[in-house]
Amino acid sequence: MRFIFTETQAMSNYHFNDIEKKWQEYWAKNETFKASNTSEKPKYYVLDMFPYPSGAGLHVGHPLGYIASDVYARYKRHKGFNVLHPMGYDSFGLPAEQYAIQTGQHPAQTTTVNIEGGTDKQGNKIAGYRKQLDQIGFSFDWSREVRTSDPGYYKWTQWIFIQLFESWYDEKANKARPVSELIEHFATEGNTTVQATCDEDVTEFSAEIWNAYSETEQQEVLLKYRLTYLAETEVNWCPALGTVLANDEVVNGVSERGGHPVVRKKMKQWSMRITAYAQRLLDGLTTIDWPQPLKDSQTNWIGRSEGATVSFKVLPSGEDLGGDFTIPVFTTRPDTIFGVSFMTLAPEHELVSKITTPEQKAEVEAYVEATTKRSERERIADVKTISGAFTGAYAEHPFTKEPIPIWIGDYVLAGYGTGAVMSVPCGDQRDYDFAKHFDIEIPNIFDGVDISEEAYSDKENTKITNSDFLNGLNYKKATKTAIYELEKLGAGTGKINYRLRDAVFSRQRYWGEPFPVYYKNGMPQMIAAKHLPLHLPEISEYLPTEDGQPPLGRAENWAWDVEKLSVVSCELIDNETVFPLELNTMPGWAGSSCYMFRYMDPNNDDALASKEAMQYWENVDLYLGGSEHATGHLLYSRFWVKALYDLGHLQVEEPFKKLINQGMILGESAFVHRIGYNILFWANDKPEGKTISRGAHGTSKVLTDTQKDALSSLQEKYRIIENYFFSENLIHHFKKKNNDNEESKKIRGAVDNLVFKNLKSELEEIGVQDKVTFQFHGLLNKYNFYKTHAPIEYVNDKNVLDQEKFKNWQEQYNDSTFYTDSDEKFYVSREVEKMSKSKHNVVSPDDICERFGADTLRLYEMFLGPLEQAKPWSMAGITGVHSFLKKLWKLYHTGNDGAFEVSATGASKDSLKTLHKTIKKVEDDIENFSFNTSVSTFMIAVNELTAQKCRSREVLESFLILISPYAPHIAEELWSKLGHSASISEAPFPKFEEKHVKESTKEYPISFNGKMRFTLELPLDLSKDEIETAVMAHEKTAHYLEGRTPKKVIVVPGKIVNIVG
RNA sequence: GCCUUGGUGGCGGAAUUGGUAGACGCGCUGGAUUCAAAAUCCAGUGACUUCGGUCGUGCGGGUUCGAUUCCCGCCCAAGGUACCA
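Residues numbered from 1 in each chain as written. Chains lettered and ligands numbered in written order. Predicted model: local features only at pLDDT ≥ 70, side-chain atom pairs only at ≥ 80, totals over all residues. Heavy atoms only, no water.

Turning next to the packing of helix 12 (residues 292-302) against helix 21 (residues 633-646). Angle between the axes and distance between the axes are the two parameters that describe a pair of packed helices. Two elements in contact, helix 12 and helix 21, have axes whose closest approach is 11 Å; the angle formed by their N-to-C orientations is 70 degrees. The angle between helix 12 and helix 21 falls in the class roughly perpendicular. Facing helix 12, whose interface residues are L294, Q298, W301 and I302, helix 21 presents L634, L635 and R638. Taken together, the residues that form the contact of helix 12 with helix 21 break down as five nonpolar, one polar and one charged. (Axes fitted to C-alpha atoms, helices over the stretch in contact; angles between N-to-C directions. Helix = DSSP H or I, 4+ residues; strand = E, 2+ residues; numbered from the N terminus. Parallel < 35°, antiparallel > 145°, perpendicular 65-115°, else oblique. Contact = heavy atoms within 4.5 Å. Nonpolar A, V, L, I, M, F, W, Y, C, P; charged D, E, K, R; others polar.)

In structure tokens:
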């Protein structure tokens, strides 16, 4: 009996592992989701931002967007669209390179393992992205997979680079054009009639001059026009690491890794002339359906401002100064020109060294030196520290001819505008603060405004005074007049300025696309497109060379032979027929800027994608990804697409029609806590309070240098007491102001005794027990608190740490002592952070699929909350979603012993109402990307259908299609049990019919002064007056009125009744 | 600093146009079933309460018959800030 019982149980159970495996294999075998480039159906292109395949594998945060886009893609298939839903890998990147530096493994190898799975050299088993993605049941068309590090792919990245190199931006035609046309123009007319976006320093030349130039000279000039060009740009240079660092790799002026000094340094690098597209990038935003915040951040990034450039002549002063210099500045407030009382140059400004007077030289040089140590972000963010130096030089005011002192200050950045500002302290707060700090005059040019406390930056109510011909004018008129007068003087002109800077395109890294570039006489030459791809060369080590060249400097075969048309050994370089190749590689965004077109025709060897494929798929209809890409990938991609569109290679001008941001899933990190002690020593021959500082700088005569050093290291030793861990609760109580409690005593007992006991003998060992005094009491500020990440897999959901596992985790923790709470348990503290390997808070989707199934994971990730919002991951609640699926399964298994059963007889009215209510809600939700509420709707529907004992095939079949985008495996299984032989994936979406959900009555909430007191069911077709009469006649109304006469009765038919009075 | 987003029970969240705050799920409490456990099912669950009510959507104001929703001023957290992707 018992045996039979369990057997039938098993029959009726929801065996998600088997079902999911079965359907994943079915989809792969039948190529269910393979998209065709020709179809009668309307097309729909759904794209996810492709992942970087890291060694840590997929965590639960990654699939969030993929699940959402998959739900949408599957929904669109039900709606009759030919859906393109591809996936690939952004497989060039820094992590693989850093891993290569540490372990010597080739990044290509680790990348392949990360994607395809396997075992790395360290013996770590890696599941691989592909397998992880597959088990979630995505409807990707894997036949179109791309990898940016695949030579067959980066051939096209290199090809695009060449297209950009071979073009320039014609401001008259407002589009990019081939450089060949520019050369023609130069040869016949020179450059005076060309309006191009180009370097600032191009000089005018005639056709004769151009034709007389040498080849190298001509190339040099052309480089100033090309859409990608070589230029000196500032970088964070770390001499010790021999490499350039990202801003966020620099912390307080030193490298995050290793703490080495970092300086700002100029380097010759490839740049992309994105500034040529500033206006079009701005204009294009109005044509695309993106979230407003994302558009805002691109708008701000481009930073259009209208104003004027003004040139200030530098006055001769001292002996050596010629006075031939002018300083151009850009200002958005030319109306305040008479308020200028000084000028400020960026410390890096090229004129600084030329105009500084001998007396000021030392101060200025010291300041410039100090500035190179601060990162750009620090300089902008830090508005509190005001610093600068006077150059000793003066400029001449264009109108008053008064001398204006020239200062340098690090709040002015070299890369913004012209790297110089005309400072108007009465109108700009930063200028105001600077002037106050250095005691510079603050002339007031605003009528009736008090500027004794702060600058006045309001434009609307401005009335200019003390400004000669601008007196009495408002902002608009004064601006116009000022520009007119400046132009008359030849000292300035009206200008639109963009904050957007050209994008640096070189990286001193190994694991990126090689440039298809070699150098002849120092001038870059492109390798012809037919010889691409130019393969990334093999190198022995992935570090920069000893003399500071990028890693490719180590390649033995990295020269271009123009006769053999192939890469040859560097030893053959003769600069006649064999030339050195470019040593930099391309940045991360190179490979991701046009990948959406490659998916359309991924195996095409002759083009990025065929014309037909591009014509059919056009651009991405729905793009899903994180908002962190707002000003990187999403801006660069738009720029490249516009440029390639201009050049006739693409048929669309915007890559992504609609974009949805998915929020990050955050991890719940666990922390264990340690305590350290600040012990203060002072020598007995020194006055109290003068401690022997760390580093043994003390001037004590009774101590030897060795003893001072020993004391210092002793201090260091107790600064953090290793291996003693305290339960979170203990620390919490200890940190309280009045910490005279049991928990605190426990801590004090442990730490003080430990230190005190050893300290005596340690002082004796050094031989200073009589020569120093140490301060040692329990003042809170004498303690240091440290927290360290503990792996979350060692912590249960009650925040209790498995002490044994933690001890065995790393050798340094083997001898750990744990101070537990009163319940003998050791608690960690929790904090919500980004999910990352280094924070040991990564949750992998693998075990969730194993334990609950992919359908549960999919539903649960959608159920967690709104897609766009960031949310912490928590396993609490997943059981609810899982048991929902079990209930769903049961709904179709109501036969004897849980056998599958549906009936052909008609559906009840209630069941039809439930179904159609659900169709409406789910359809609305999917269209609005509100997936979390859909899941709730499914739960309600299953609860209702179960209560109604619904067996109707009509209802149950339609319901399966509704849920199939969310939980495709269970839907397919039940669909086939219903007798269908084809996949559910293209079954038409059920049609909503109003008649099934129409209500005849409404449960009216009756409010008194806005507070709901009771509800009253009334027919929906009652008029306002009828409703009022019915409500006033109700016995409860009298009760709540307590004898008062209502002043007013508000009736909103179908909504609410509110009685006031 | 600047730009952007968010703040609702013990927790994740819902409330689509200003109209019943807390749907749905978790957790918790009680019960049924079971030798027992798991699973499942049923009921309850914002706080306070003199059981009449009162309070309640980060804080302080305002508009309105009515505000989580609109307006003004703050506080806090997260993301971005140009070489992480």
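Turning our attention to the protein's contact with RNA strand B. Contacts to RNA strand B come from 61 residues, most closely from A246, R377, L864, K921 and N1058. Counting only the atoms of RNA strand B that lie within 4 Å of the protein, the sugar and phosphate share comes to 61%. Between RNA strand B and N300 there is a distance of 2.9 Å, counted from a sugar or linking oxygen to a side-chain nitrogen or oxygen. Note that a base oxygen of RNA strand B is positioned 2.5 Å from one of the side-chain N or O atoms of K921. By residue number, the principal contributor to the surface near RNA strand B is helix 30 (residues 931-947), which donates six residues. (Near = heavy atom within 4 Å. Polar contact = N/O pair within 3.5 Å; in protein donor to acceptor, adjacent residues only side chain to side chain.)

Moving on, we come to helix 21. Taking 1.5 Å per residue as the helical rise, helix 21 with its 14 residues ought to reach 20 Å, and the 20 Å between its terminal C-alpha atoms agrees with that figure. Here helix 21 lies mainly inside the structure; 13 of its 14 residues are buried. Within two residues after helix 21, G648 carries a phi angle of roughly 85 degrees, on the positive side. (Expected span 1.5 Å × (residues − 1). Buried < 20%, exposed > 50% of the residue type's maximum accessible area, 1.4 Å probe, protein only.)

With that out of the way, let us pick up the sheet that holds strand 36 (residues 1011-1019). Reading across from one edge, 36-35-38-37 is the order of the four strands in this open sheet, with mixed pairing throughout. Since the sheet does not close on itself, it has two edges, and those belong to strand 36 and strand 37 (1048-1052), each with one partner. With strand direction ignored, the average angle separating the axes of adjacent strands in the sheet is 20 degrees. The pairing of strand 35 (residues 1001-1008) with strand 36 spans eight bridges and is classified as antiparallel. Residue E1003 lies in a different strand from strand 36, and its bridge partner there is E1017. Taken strand by strand, helix 33 (residues 1024-1033) contacts strand 35, strand 36, strand 37 and strand 38 (1056-1060), and its axis lies near 125 degrees from that of strand 37. (Pairing = 2+ DSSP bridges.)

There is about 700 Å³ of room inside the second largest pocket. Around the second largest pocket, the lining comprises 27 residues; the ones closest to its centre are Q24, E25, K131, D134 and Q135. Listing elements by their share of the lining of the second largest pocket, those giving two or more residues are helix 2 (16-30), helix 6 (129-134) and helix 26 (845-851). Counting residues per element, the lining of the second largest pocket draws most heavily on helix 2, which supplies seven residues. Broken down by class, the residue content of the lining of the second largest pocket amounts to nine nonpolar, seven polar and 11 charged. (1 Å grid on protein atoms, 1.4 Å probe; cavity = no way out; pocket = protein on both sides within 12 Å on 5 of 7 lines; lining within 4 Å. Points joined across faces, edges and corners; volume = space filled by probe spheres on them.)

Inspection of the entire model under this criterion finds 74 aromatic pairs. Each ring, one from Y66 and one from F138, has its centre 6.1 Å from the other, and the planes form 85 degrees; the classification is edge-to-face. Taken together, the residues Y66 in helix 3 (residues 63-78) and F138 in the loop between helix 6 and helix 7 (151-165) connect sequence positions 72 residues apart. Owing to a relative accessible area of 5%, Y66 belongs among the buried residues under this scheme. The interplanar angle of 15 degrees and the centroid separation of 6.1 Å between the aromatic rings of F1014 and Y1040 together place this pair among those described as stacked. One end of the pair, F1014, is in strand 36; the other, Y1040, is in helix 34 (residues 1035-1041), with 26 residues separating them in the sequence. A network of ring pairs unites the aromatic residues Y44, Y72, Y75, F81, F929, F931, F938, F959, Y966 and F989 as a single cluster. The ring of W237 has K265 lying over it, and the distance from NZ or CZ to the ring centre is 3.9 Å. (Phe/Tyr/Trp six-rings, centres within 6.5 Å; stacked < 30°, edge-to-face > 60°. Lys NZ or Arg CZ within 6 Å of the ring centre and 35° of its normal.)

By the element assignment, S1007 lies in strand 35. In contact with S1007, not counting residues within four places along its chain, are M1012, R1013, I1056, V1057, N1058 and I1059.

Before going further, it helps to spend a moment on the domain arrangement of chain A. For chain A, the domain assignment lists domain 1 (4-13 + 867-994), domain 2 (18-142 + 590-630), domain 3 (159-294 + 504-589), domain 4 (304-498), domain 5 (666-834) and domain 6 (1001-1060). For domain 1 and domain 2, the distance between their C-alpha centres works out to 28 Å. Each side of the interface is counted separately: domain 1 has 28 residues, and domain 2 has 24 residues. Carbon and sulfur atoms supply 66% of the area buried between domain 1 and domain 2, which totals about 2300 Å² over both sides. Sorting the residues of domain 1 by area buried against domain 2 places P965, H969 and S985 first, and these three jointly supply 27% of that buried surface. For the pair domain 1 and domain 2, the number of links is three salt bridges. (Domains from an automatic or database assignment. Buried area = accessible area lost by both parts, 1.4 Å probe. Salt bridge = Lys/Arg side-chain N within 4 Å of Asp/Glu carboxyl O.)

Turning next to the packing of helix 7 against helix 21. Where helix 7 contacts helix 21, the two axes come as close as 11 Å, and the packing angle between them is 65 degrees. The hand of the helix 7/helix 21 crossing is left-handed. Here helix 7 contributes T157, I160, Q163 and L164 to the contact with helix 21, which in turn contributes W640, A643 and L644. Here the residues of the contact of helix 7 with helix 21 sort into five nonpolar, two polar and no charged. (Left-handed = near helix turned anticlockwise from the far one by under 90°.)

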